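# Per-entry structural report
Spelled out, the chains give:
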Amino acid sequence: MPYRPGGYQPAAHRATVQPPLTSGMATASMVLGILGVLGGWCLFGLPCILAVILGHLALRETRDGTRSGHGMAVAGLVMGYVFVGPMIAFTFLVFFGSALGAVTPTPTP
């Protein structure tokens, strides 16, 4: 068999498509929403409030499609909104209840 000039056959070029990066704010919103559901009452609703704030920022970030994570942002928002109201009410009851108890005179026997 005669030798063919040119060496090896050129490799086929493969086009690789890279998926869009996931929004970090969407991930944080979902994680904080889960923390708010599991133990937000002992943290005075702070994870729920942060989940709502980061969820709205993540929705804005994922709107145009350059970042993924829209579903995680929505999940964080839902968990945050469902539990933010009761957590804020609980916080006010604890703080104002204790302040009211400290100011109200108690009769001495």
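Throughout this document, residue positions are counted from 1 along each chain, in the order its sequence is written. Only residues with pLDDT of 70 or above have their local features reported here, since the model is predicted, and side-chain atom pairs are shown and tallied only from 80 upward, although totals for entire chains, interfaces and linings are computed over all residues. As a rule here, side-chain values cover all heavy atoms of the structure and leave hydrogens and water aside.

This brings us to the overall build of the protein. For helices the rule is a DSSP run of H or I covering at least 4 residues; for strands it is a run of E covering at least 2, with both sets numbered from the N terminus onward. Looking only at helices and strands, the protein has three helices and two strands in total. Moving toward the C terminus, one meets the helices and strands of the protein in the order β-α-α-β-α. Per-residue accessibility, obtained with a 1.4 Å probe over protein chains only, is compared with the maximum for each type, and a residue is labelled buried under 20%, exposed over 50%, and partly exposed between these values. The buried share among the 109 residues of the protein stands at 22%. Within the protein, residue pairs in contact and separated by at least 24 positions form 73% of the contacts whose partners lie at least 6 positions apart. Values of accessible area rely on a 1.4 Å probe in the Shrake-Rupley scheme; residue burial ignores everything except the protein chains shown. Of the accessible surface of the protein, which amounts to about 8,200 Å², a share of 73% is contributed by carbon and sulfur atoms. Contact criterion: two residues are considered in contact whenever any of their non-hydrogen atoms come within 4.5 Å of each other.

A few words now on the packing of helix α1 (residues 24-39) against helix α3 (residues 70-103). Where α1 meets α3, the closest approach of the two axes is 8 Å, and the angle between their N-to-C directions is 35°. Crossing handedness for the pair α1 and α3: left-handed. Along the contact surface, α1 presents A26, T27, S29, M30, G33, I34, G36 and V37, while α3 presents M72, A73, A75, G76, L77, M79, F83 and M87. For the contact of α1 with α3, the residue count by class is eleven nonpolar, five polar and no charged. Axis angles are defined between N-to-C directions and span 0 to 180 degrees, where every axis is a line fitted to C-alpha atoms and, for a helix, only to the segment in contact. Throughout, a crossing is termed right-handed when the near helix is turned clockwise from the far one, and left-handed when it is turned anticlockwise from it by less than a right angle. The classification used treats Ala, Val, Leu, Ile, Met, Phe, Trp, Tyr, Cys and Pro as nonpolar, Asp, Glu, Lys and Arg as charged, and all other residues, Gly among them, as polar.

Turning our attention to helix α2 (residues 46-62). Between its first and last C-alpha, α2 extends 24 Å over 17 residues, near the 24 Å set by a 1.5 Å rise per residue. Residues P47, C48, A51, V52, G55, A58 and T62 constitute the buried set of α2. The arc enclosing the buried residues of α2, seen along the axis, measures out at 140°, which places them on a common side. Tucked inside the fold, the buried residues of α2 contact α1, β2 (67-68) and α3. Multiplying 1.5 Å by the helix residue count minus one yields the expected span of that helix. The arc refers to the directions leading from the helix axis to the C-beta atoms.

An ideal rise of 1.5 Å per residue puts 22 Å on 16 residues; α1 measures up with 22 Å between its terminal C-alpha atoms. By the burial criterion, the buried members of α1 are A26, S29, L32, G33, G36 and G39. For α1, the elements touching its buried residues are α2 and α3. Of the residues that open α1, the one with a side-chain oxygen 3.3 Å from the backbone nitrogen of M25 is S23. In protein, a polar contact means a hydrogen-donor-capable atom and an acceptor-capable atom, both N or O and within 3.5 Å, with residues adjacent in sequence counting only if both atoms are side-chain atoms; elsewhere, any N or O pair within 3.5 Å suffices.

Predicted confidence across the protein gives a mean pLDDT of 84, with 88% of residues reaching 70 or more. As a per-residue measure, pLDDT reflects the predictor's confidence and takes values from 0 up to 100. Mean pLDDT across the secondary structure elements of the protein bottoms out at α3, with 84, and peaks at α2, with 94.

Looking now at the packing of α2 against α3. Where α2 contacts α3, the two axes come as close as 7 Å, and the packing angle between them is 150°. Here α2 is positioned roughly antiparallel relative to α3, judged by the angle of their axes. Note on packing geometry: the crossing formed by α2 with α3 is left-handed. Contact residues: α2 offers C48, I49, A51, V52, G55, H56, A58, L59 and T62, while α3 offers H70, A73, V74, G76, L77, G80, Y81, F83, V84, M87 and I88. Across the contact of α2 with α3, the residue classes tally to 14 nonpolar, six polar and no charged. Should an angle fall under 35 degrees it is called roughly parallel, over 145 degrees roughly antiparallel, and 65 to 115 degrees roughly perpendicular, with every other angle called oblique.

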